[in-house]
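Structure at a glance
In case you want the letters, here they are:
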Amino acid sequence: MLKIQILRVIMIVGAMLLGFWAPLHFTSLKLSIGLDWTMDVVGTLVSAASIYQRYLLRDEETDSHRLLFWGAGILDVIAAMPYSLVPVLLGRPELGWLLLINLLNVRHVRLIKPFLDGFPSLSPLMYRLLPLVFAMPLIVHIIACSWMGLGAGSAGLTNDPYYNYIKAIYWTFTTLTTVGYGDIAATTPSQMLFACLIQVMG
């Protein structure tokens, strides 16, 4: 049980790191190739921990649904690859989008609830709030970076990427919690479709 809990911590922390790092490739921020390589290592560790838990420990949770069991294993193998090396080895920087495949590891954030199940003395309120505290900032960040990648609608993109990010966060919150205030609106078909998706999600 302790070993499974340790693996869950590795997967949750790694998923959070990858979930915040990978979407930044949608933005105009200048990202370090060294950090890309580091995040590739993190992705490989997360996938290895998941594979170890799934196939070697074979706990009840992973054995419960055979099709999901093997499907998740395939996703782990795909996410374990060092995608930051591909643009470097091939000399094609436009292939940097491959790093977004690391987002497959973000699904391990869902392990927060099974991890909390190991603490029976935890209050019901904390049991409900903690997954939200972890998941909500990650969801908002991914949506905001995606909105920036689509051009940020009528807000446009300025030379200040941090200001662009703050505006994208603002748009994300207003769209998730309402249908937006109209001050930042979609202007292209892809932005309109994305905005509709986020409104439905909200």
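It should be noted that the structure appears before, not after, this text.
So, a few notes on the structure that sits alongside this text. This one's a predicted model, so the numbers in the text were calculated from it and none came from an experiment. (Residues numbered from 1 in each chain as written. Predicted model: local features only at pLDDT ≥ 70, side-chain atom pairs only at ≥ 80, totals over all residues. Heavy atoms only, no water.)

The next subject is the overall build of the chain. Check the secondary structure of the chain and you find 9 helices and 0 strands. Listing each helix as α and each strand as β along the chain from the N terminus yields α-α-α-α-α-α-α-α-α. Across its three principal directions, the C-alpha atoms of the chain cover 50 × 50 × 30 Å. Buried positions account for 40% of the 202 residues belonging to the chain. Once local pairs closer than 6 in sequence are excluded, the contacts in the chain between residues at least 24 apart make up 68%. A distance of 3 Å separates the average location of the 12 positive side-chain charges in the chain from that of its 11 negative side-chain charges. (Helix = DSSP H or I, 4+ residues; strand = E, 2+ residues; numbered from the N terminus. Buried < 20%, exposed > 50% of the residue type's maximum accessible area, 1.4 Å probe, protein only. Contact = heavy atoms within 4.5 Å. Lys, Arg positive; Asp, Glu negative; His and termini not counted. Charge placed at Lys NZ, Arg CZ, Asp CG, Glu CD.)

For the rest of this paragraph, the subject is the nonpolar core. Ranked by internal contacts, the top residues of the largest apolar core, which has 21 residues, are M11 and V109. Sorting the residues of this core by element identifies α1 (2-21), α2 (33-57), α6 (112-116) and α7 (124-149) as the ones contributing at least two each. In contact with M11, not counting residues within four places along its chain, are V46, A49, S50, Q53, H108 and L111. Core analysis: the next-biggest nonpolar cluster, separate from the first, contains 14 residues, A152, A168, F194 and A195 among them. (Core = buried A, V, L, I, M, F, W, Y, C linked by side-chain atoms within 4.5 Å.)

This brings us to helix α9 (residues 189-201). Taking 1.5 Å per residue, 13 residues should reach 18 Å; α9 reaches 18 Å between its end C-alpha atoms and fits that length. Every buried residue belonging to α9 is among Q191, F194, A195 and I198, and all of these are buried. Relative to the axis of α9, the buried residues are bounded by an arc of 100° and lie together on one face. For α9, exposure combined with an orientation more than 90 degrees from the buried face picks out P189, L193 and V200. Among the structural elements, α7 and α8 (161-177) are those in contact with the buried residues of α9. (Expected span 1.5 Å × (residues − 1). Arc of directions from axis to C-beta.)

Here we come to the packing of aromatic side chains. In the structure shown here, the tally under the stated rule is 4 aromatic pairs. Ring geometry for W147 versus W171: centroids 3.8 Å apart, planes at 0°, classification stacked. Pair noted here: W147 is in helix α7 and W171 is in helix α8, with a separation of 24 residues, a long-range link. Across the pair, exposure class does not vary: W147 and W171 are buried alike. Seen from their ring centres, W147 and F194 are 6.4 Å apart, and the 15° between their planes marks the pair as stacked. Highlighted residues: W147 in helix α7 and F194 in helix α9, separated in sequence by 47 residues. Accessibility classification places W147 together with F194 in one group, the buried group. Every member of this aromatic cluster is reached through a ring pair, and the members are W147, W171 and F194. (Phe/Tyr/Trp six-rings, centres within 6.5 Å; stacked < 30°, edge-to-face > 60°.)

The first and last C-alpha atoms of α1 sit 29 Å apart over 20 residues, in line with the 28 Å expected at 1.5 Å per residue. I4, Q5, L7, R8, M11, I12, G14, A15, M16, L18, G19 and W21 are the residues of α1 that are buried.

The tally for this structure, following the rule as stated, stands at 1 salt bridge. For the salt bridge of R107 with D76, the shortest nitrogen-to-oxygen distance reads 2.6 Å. Linking R107 in the loop between α5 (85-90) and α6 with D76 in helix α4 (residues 66-79), this pair joins segments that are 31 residues apart in sequence. Judged by its relative accessible area of 0%, D76 falls in the buried class. (Salt bridge = Lys/Arg side-chain N within 4 Å of Asp/Glu carboxyl O.)

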